[in-house]
Structures are given as structure tokens and as C-alpha cells.
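# Structure at a glance
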Amino acid sequence: LIHYPILVIRGKAYVGGKRLDNQHGNIVDFLAKARTTSAALLVEIKTPLTPLLGKEYRQDIFPPSRDLGGAISQVLHYKSSLQSEINRLRDDCAERLEADEPKCLVIAGNVQQELDSVAKQRAFERLRERLHGVTIVGFDELFEKASDLVKLLSGGAA
């Protein structure tokens, strides 16, 4: 999922956003960092049942689902919050953390099960390949990648 080793700093991590009335605090599912550069990574996890695409808009045109669009907006909001408050948040963190341009990861849905046509597959790839700084991965893809890695490391073919 991530092409470099990471270290999870905290699950359910506060990434800023509270106002004077102590409301609107932003809690990301996992805050991690690259082990070598300490660059921040925000991980938002939905469920394997989260729909990835909405209803067909026009012939062979499928928009992201409301849930997936919401998850993307949510993690981008958390990214913005972290970037604005990183200096204050660093004081509360024993780990070095850099937040110049944090990467975001959304884990949601089941790609193989839901994308049952070429049109849906193309629509999904158009979306996820053009999102700058946000990676979308299905639970099935996550498990398949882990399985391939285990096979590769145990000497089998992936």
C-alpha cells in the first residue's frame, strides 16, 4: 500500500481542529509516518461493505459513491487540519513528524466484488489514479497484497 516502511504513531489520533468551545476536533483512524523521513501519513478506514461507486450517471459513467466521496473529503480535511496545527501538535508527540504534504490512505469497500463491469473498473481507476495525495485501496486488495508479500518472502511465486 505504501512503498516505504512506516511507523504507526497512534490510532485515533487527534490532528487538530478544536475551537474555543472544545468542538470540531478531528480524529483520524491512524496517524503514521515514513520511518526514514518522518513524513506524515493519515489513514482513514471504512468497512468492506462501503460502496465505492454511485449509480450510473450517464452511459458507462459512474461517480464515486457518497460514502467514498465523504471518506476522501474527510481525510483531506484532516490533512489540512494537521498541516495548520503541526507546530502545536509536535509539542505533544514524542515522535518526529513532518507535515509539509502528508499522504492520505483510504481503505474501503471490495473492489473485485463491486467493480463487476469494465465500465465500473474504468470509472474507479480514473478516480483513484487522478487523486493527488490520496490513495484508495479496497479491503480485498489489501488482503491480496499481504498474501502476495507472504508468498514472495517465503520463497513462493506471488
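Now for a description of the structure that goes with this document. In this text, all values refer to a predicted model and were calculated from it rather than measured experimentally.

So, about unusual backbone geometry. A positive phi is found at Lys 12, a non-glycine position, where the angle reads about 50°. Although it is not a glycine, Asp 60 adopts a positive phi angle of roughly 65°. Topologically, Asp 60 is positioned in the loop between β3 (39-45) and α1 (66-91). The exposure class of Asp 60 is partly exposed, given its relative accessible area of 40%.

Looking at the element boundaries, Ser 38 is found in the loop between β2 (27-34) and β3. Looking at Ser 38, the relative accessible area reads 4%, which means it is buried. Here Ser 38 is in contact with Lys 33, Arg 96, Leu 97 and Glu 98, once residues within four sequence places are set aside.

Along the polypeptide, Leu 42 turns up in strand β3. Owing to a relative accessible area of 0%, Leu 42 belongs among the buried residues under this scheme. The spacing of Leu 42 and Asp 21 is 21 residues in sequence and 25 Å in space, taken between C-alpha atoms. With sequence-adjacent residues up to four places away left out, Leu 42 is seen in contact with Val 15, Val 28, Phe 30, Leu 31, Val 75, Tyr 78, Lys 79, Leu 82, Pro 102, Lys 103, Cys 104 and Leu 105.

Quick notes on the rules
- Residues numbered from 1 in each chain as written.
- Predicted model: local features only at pLDDT ≥ 70, side-chain atom pairs only at ≥ 80, totals over all residues.
- Heavy atoms only, no water.
- Helix = DSSP H or I, 4+ residues; strand = E, 2+ residues; numbered from the N terminus.
- Buried < 20%, exposed > 50% of the residue type's maximum accessible area, 1.4 Å probe, protein only.
- Contact = heavy atoms within 4.5 Å.

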